[in-house]
Amino acid sequence: MTRAFAKVCTGLALAVALTAGTAVAEPSHAVPWWKGAVVYEIYPRSFQDSNGDGVGDLNGITARLDYIKSLGVDAIWLTPIYPSPLIDFGYDISDYTAIDPQYGTLADFDRLVAEAKKRNIRIVMDLVLNHTSDKHPWFQESASSKTSPKRDWYVWRDGKGPGKPPNNWQSVFGHGGWQYDAKTSQWYWHKFYAEQPDLNWRNPKVAEAMYNVERFWIARGVAGFRLDAITTLFEDPALQDEGTVKDASGKPVINVFGEPQLDDTRTNNLPEVHDVLRQVRKVADEASGKEAVLIGETYVANIADLKKMYGAQDDELQMPMDLQVGFINKLDVARFRTLIADAETGLGAHEPLLVLDNHDNPRWDRYGDNVHNADIGRVLATVILGSRGAAMYYYGDEIGMVTTPPTRKEDVRDPVGVTGWPKEKGRDGERTPMQWTAESTAGFTAAGVKPWLPIPSSMTLTNVASEESQPNSLLAWYRQLGALRKTNAAMRDGDDVMLNTIDAHVLTWLRRAPSGEAVLFACNFTAEPQKVGFDPKALHGYATNVTALMNTPGQVAPSSLTDIVLKPFGVIVLQLH
Ligand code: NOJ
C-alpha cells in the first residue's frame, strides 16, 4: 500500500444479528462465529451488474453467492451501498437507512442477506461514522443558518481572518481541510473531501443518531459493521495547528499533493475515539445478542496501538484490521516474520485480522515481479489464509486481478486521482470490474454495455471461468486454503509459531492445534530455489513424518523434513504426524 491517506484512515466495524425474519438464526456458540472467519471484501459497483447499466448491484452479488461460498468465505464486507452523490463512491452517504437505487432496493438487500444466510455467509455493512455527504439532510440543515438546531452536528468554526481558515489542518485527500461557507461566514471541517463534512461527535445527538443506524441494520439481519475511518472521529477542540513531518535531514516531507505532510496529531487517534467505540460495541451487542462483529479500519503505527483498539476490557472492536503487512510492499521475509509474530504475541487473546489489500490501495501485484506472479500470488494467499486469526481479502485477489490504473487524467473517476495526478493516480486501478469470463465485458455486465470503469485487458487470461477449468490455478489455490481452514484442526484452531527465524529467504511457520495436530508452512520469498532444513528440536516435540497437503505447481512434494528444496516462490503445506 502506498497511498498517503491510507496511513491516517482508520476504522471499521461490524456486527451480526439475530432478529426475526432475516436474522442469522444459528445459536450462539462458545466460539464466536467470526473467530477464524474468512471475510471477503466486495466493492459492489464492480462485482456483478445484473441489470445492464454498467454498475454492479446487490442482485448481482446474490447471483454470485455460490461462487463466494466455493471460496470458503464466512462473511462478505460490502463497501457502502447507501444513497450517495458518489463523490467518494459511497463513502459520502446521504441516507443511512436506505439503499442507493443504483445498487437495488431494501427488498434486494433482504434477499441478499437471506440467500447468504442459506449458505452460512454473513453480511457485514460498511458504516461511515466520521462524516456524511454534504447532501445529507443533516448537513443541509446545519448549513442553513448559524442558529439551525443541527448547526452543532458538524464542526463549524470562524476563520482567522478574511480567506483564512481556522488553522493548518489538511484533508487526507489533499489541500486544506476547511471549507468556507459564504452564507454563514464560517468554515466547516472535512478530514476527507469537502463534500464529506465531519460530524461533531462531541454532540450526543449525533452519537444517538448513529447508534440508531446500527440498530436499524442489525434488525435487518446484518452480521456486523466495518467502521470506516474510525480513528478520525475527533479533533482537538482547541484547534491547535498540526506539526510538519520532517525527513532525516530535517527537511519537511512533501506529500503527493505537493504540500508539507502534517503529523496528524490533532485530527486522528484522539483518546475520545475509544469512548465512542465502547458505545458502538454496546449497541451492537445489545441489538444482536452479542453476535455482531465490529471490524475497524485501523491504520495505526504498531501492534501496541492496534491492541488498544480491542478495548481495555475487550469492549471495543473485536477485529481491528492489522494493515501493517500491506505496507511492507516487498517480499521481505524478516519484515513479514516480525509482523506476523507481532500479531501472534502482541494482541493477547484477541483475534488478529491481517489485511494485505483493499479498495484504497494497489492490489497484491505490487509484490509481483512479472515473471513469477502466479506463484507470488500463492505465497501471499498462503500468508493471509495460513496465519492464525480471521483472514480478509479483496474480490479478484483470488484470481490474480492486477492493479490497472487509468493512463489519462480525463479517464480518472476517483477524485483522489484528479487532485493528485500524475503522481497519485487515485484508486480506480484497484476497483475495476470483476473478471468472470474472457468475453468483452468480462461477464461483469451485458454485452455492449460500457462498464463504469474499463475492463482490464488482463481479463483474457485472468478470469474465473478459465481458472475454474485449471486445477493448478490461483483460484484453485485459494479454494484449497479456504477448505483447509475449515477442515484441518491446526489451520482452524492452531497457534502460530515462526520457525527458522534467521532464514533470509524462506518464511516458515507451524500451526499447532490444541488437539495435537500440526501443520507446517514454508514459502520461498525469492526467485531462486532455496533449501529448507528443520531442526527437529525446534519443532516443539512434533513428529517429523509429513503428508503434503498443498504445494505450488511444479514444486516437488516433500516426503520428509530433510533436504527440502523450494522452487522460486514455491510453497509447501505439510501435515506433521
Ligand atoms: C476509508 C475508505 O476505505 C475510503 O475508500 C474512503 O475514501 C475514506 N475512508 C473516507 O470515507
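Think of each chain on its own: its residues are numbered from 1, step by step along the sequence as written. A pLDDT threshold of at least 70 governs which residues receive local features in this predicted model, and a stricter bar of 80 or more applies before side-chain atom pairs are shown or counted, although totals over entire chains, interfaces and linings include all residues. Side-chain calculation: all heavy atoms of the structure are included, whereas hydrogens and water are not.

### Focus: the pattern of salt bridges
Part 1: Each salt bridge in this description consists of a side-chain nitrogen of Lys or Arg and a carboxyl oxygen of Asp or Glu lying within 4 Å of one another. As enumerated under the stated definition, the model contains 32 salt bridges in all.
Part 2: Measuring nitrogen to oxygen at the nearest pair gives 3.3 Å for the salt bridge that ties Asp-74 to Lys-486. Of this pair, Asp-74 sits in the loop between helix H2 (65-70) and strand S3 (75-78) while Lys-486 sits in helix H12 (residues 474-487), and the two are 412 residues apart along the sequence.
Part 3: On the accessibility criterion, Asp-74 (16% relative accessible area) is buried.
Part 4: Whether a residue is buried, partly exposed or exposed follows from its accessible area with a 1.4 Å probe, protein chains only, as a fraction of its type maximum: under 20%, in between, or over 50%, in that order. Lys-486 sits in the partly exposed class, given a relative accessible area of 36%.
Part 5: Here Asp-360 ties to Arg-431 by a salt bridge, and the two come within 3.2 Å at their closest N and O atoms. Placement of the pair is Asp-360 in the loop between strand S11 (353-355) and helix H9 (373-386) and Arg-431 in the loop between helix H10 (415-420) and helix H11 (464-468), with a sequence separation of 71 residues.
Part 6: What makes Arg-431 buried here is its relative accessible area of 1%.
Part 7: Three or more residues are tied together by salt bridges with common partners; here these are Asp-88, Asp-360, Asp-414, Arg-427 and Arg-431. Helix numbers and strand numbers start at the N terminus; a helix is a DSSP run of H or I with at least 4 residues, a strand a run of E with at least 2.

### Here's the deal with the sheet that holds strand S6 (residues 178-181)
Part 1: Between any two strands, at least two bridges found by DSSP are needed for them to pair. Taken together, three strands build an open sheet; the order of strands is S5-S7-S6 and the sheet is antiparallel. Edge positions in the sheet fall to strand S5 (156-157) and S6, since each has one partner strand and no second.
Part 2: For S6 and strand S7 (residues 186-189), the ladder comprises four bridges, and the chain directions are antiparallel. For Asp-181, the partnering residue across the bridge sits in S7 and is Gln-186.

### Focus: the packing of H9 against H12
Part 1: Axis definition: a line fitted to C-alpha atoms, over the contacting stretch in the case of helices. Angles run 0 to 180 degrees between N-to-C directions. Packing of H9 against H12 brings their axes to within 10 Å, and their N-to-C directions diverge by 15°. With respect to H12, the axis of H9 lies roughly parallel. As for the relative orientation of H9 and H12, their crossing is right-handed in sense. Across the interface between the two elements, Ala-374, Gly-377, Arg-378, Ala-381, Thr-382, Ile-384 and Leu-385 of H9 pack against Leu-474, Trp-477, Tyr-478, Leu-481 and Arg-485 of H12.
Part 2: All amino acids are sorted into three groups, where Ala, Val, Leu, Ile, Met, Phe, Trp, Tyr, Cys and Pro are nonpolar, Asp, Glu, Lys and Arg are charged, and the leftover types, Gly among them, are polar. In terms of residue class, the contact of H9 with H12 is built from eight nonpolar, two polar and two charged. Roughly parallel covers angles under 35 degrees, roughly antiparallel covers those over 145, roughly perpendicular covers 65 to 115, and oblique covers all other angles. In this scheme the handedness of a crossing depends on how the near helix is turned from the far one: anticlockwise by less than a right angle means left-handed, clockwise means right-handed. Whether two residues are in contact is decided by their heavy atoms, any of which lying within 4.5 Å being enough.

### Some points on the layout of surface pockets
Empty space among the atoms can be located by rolling a probe the size of a water molecule over them.
Part 1: Only protein atoms enter the 1 Å grid used here, on which a cavity is any set of points holding a 1.4 Å probe that cannot leave and a pocket is any open set flanked by protein within 12 Å on both sides along at least five of seven lines; residues with an atom within 4 Å of a point are listed as lining. Grid points are joined across faces, edges and corners, and a volume is the space filled by probe spheres set on the points. Empty space within the largest pocket amounts to approximately 580 Å³.
Part 2: Taken together, 22 residues form the lining of the largest pocket, with Trp-33, Lys-35, Gly-36, Ala-37 and Arg-492 sitting closest to its centre.
Part 3: Those elements giving two or more residues to the lining of the largest pocket turn out to be H12 and helix H13 (489-493).
Part 4: Of all the elements, H13 adds the most residues to the lining of the largest pocket, at three residues.
Part 5: By residue class, the composition of the lining of the largest pocket is six nonpolar, five polar and 11 charged.

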